[in-house]
Amino acid sequence: VIGAVSGGVDSTVAAVLLTKAIGDRFHAVLVDNGCLRKDESVKVLQRMREDCGVNLRCVYAQDRFLNLLKGVTEPEKKRKIIGGTFI
């Protein structure tokens, strides 16, 4: 089972529950899109792996996202670009 995590409460709780339910068959993924707070992906990885025991992998996709967002100023357009790139 693969699940996306953001480091927020909802995805963290879901990841911990899935890990407890199915163990190492759960694989969590965090996408660092370059729009996270400074060092947030490092902190999320550390907390989820060490404190929560979640099998978490980070995909470092900052270049891909930031290149698509370059020059875009309209928030709604940014949201659509980010959402479309995730999918």
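Residues numbered from 1 in each chain as written. Predicted model: local features only at pLDDT ≥ 70, side-chain atom pairs only at ≥ 80, totals over all residues. Heavy atoms only, no water.

Draft legend 1. Region of the structure containing the sheet that holds strand 3 (residues 56-60). The 3 strands are arranged 1-2-3 in an open sheet whose pairing can be described as parallel. One side of each edge strand has no neighbouring strand; the edge strands of this open sheet are strand 1 (2-4) and strand 3. Within the sheet, the average angular offset between the axes of one strand and its neighbour, ignoring direction, is 30 degrees. Taken together, the 3 bridges between strand 1 and strand 2 (residues 27-32) define a ladder with parallel strand orientation. In the strand pairing of strand 2, Ala 4 is matched with Val 29. (Pairing = 2+ DSSP bridges. Helix = DSSP H or I, 4+ residues; strand = E, 2+ residues; numbered from the N terminus. Axes fitted to C-alpha atoms, helices over the stretch in contact; angles between N-to-C directions.)

Draft legend 2. Structural context of the packing of aromatic side chains. The full count for this structure, using the stated rule, is 1 aromatic pair. Seen from their ring centres, Phe 65 and Phe 86 are 5.0 Å apart, and the 55 degrees between their planes marks the pair as tilted. Here Phe 65 is found in helix 3 (residues 62-69), whereas its partner Phe 86 is found in helix 4 (residues 75-86), with 21 residues between them in sequence. Judged by its relative accessible area of 4%, Phe 65 is buried. Note on Phe 86: relative accessible area 44%, which makes it partly exposed. (Phe/Tyr/Trp six-rings, centres within 6.5 Å; stacked < 30°, edge-to-face > 60°. Buried < 20%, exposed > 50% of the residue type's maximum accessible area, 1.4 Å probe, protein only.)

Draft legend 3. Spatial organisation of the packing of helix 3 against helix 4. Running from amino to carboxyl end, helix 3 crosses helix 4 at an angle of 145 degrees, the nearest separation of the two axes being 10 Å. In terms of crossing hand, the pair formed by helix 3 and helix 4 is right-handed. The segment helix 3 lies against helix 4, with Arg 64, Phe 65, Leu 68 and Leu 69 engaging Lys 78, Ile 81, Ile 82, Thr 85 and Phe 86. The residue makeup of the contact of helix 3 with helix 4, split by class, is 6 nonpolar, 1 polar and 2 charged. (Left-handed = near helix turned anticlockwise from the far one by under 90°. Contact = heavy atoms within 4.5 Å. Nonpolar A, V, L, I, M, F, W, Y, C, P; charged D, E, K, R; others polar.)

Draft legend 4. Seen up close, a nonpolar patch on the surface. On the surface, a cluster of nonpolar side chains totalling about 300 Å² of accessible area is made up of Val 9, Val 13 and Leu 17. Note that Val 13 resides in helix 1 (residues 9-22). (Patch = residues over 30% accessible without salt bridge, like charges linked within 9 Å, V, L, I, M, F, W, Y side chains within 5 Å. Areas by Shrake-Rupley, 256 points an atom, 1.4 Å probe, with all protein chains shown as cover. Salt bridge = Lys/Arg side-chain N within 4 Å of Asp/Glu carboxyl O.)

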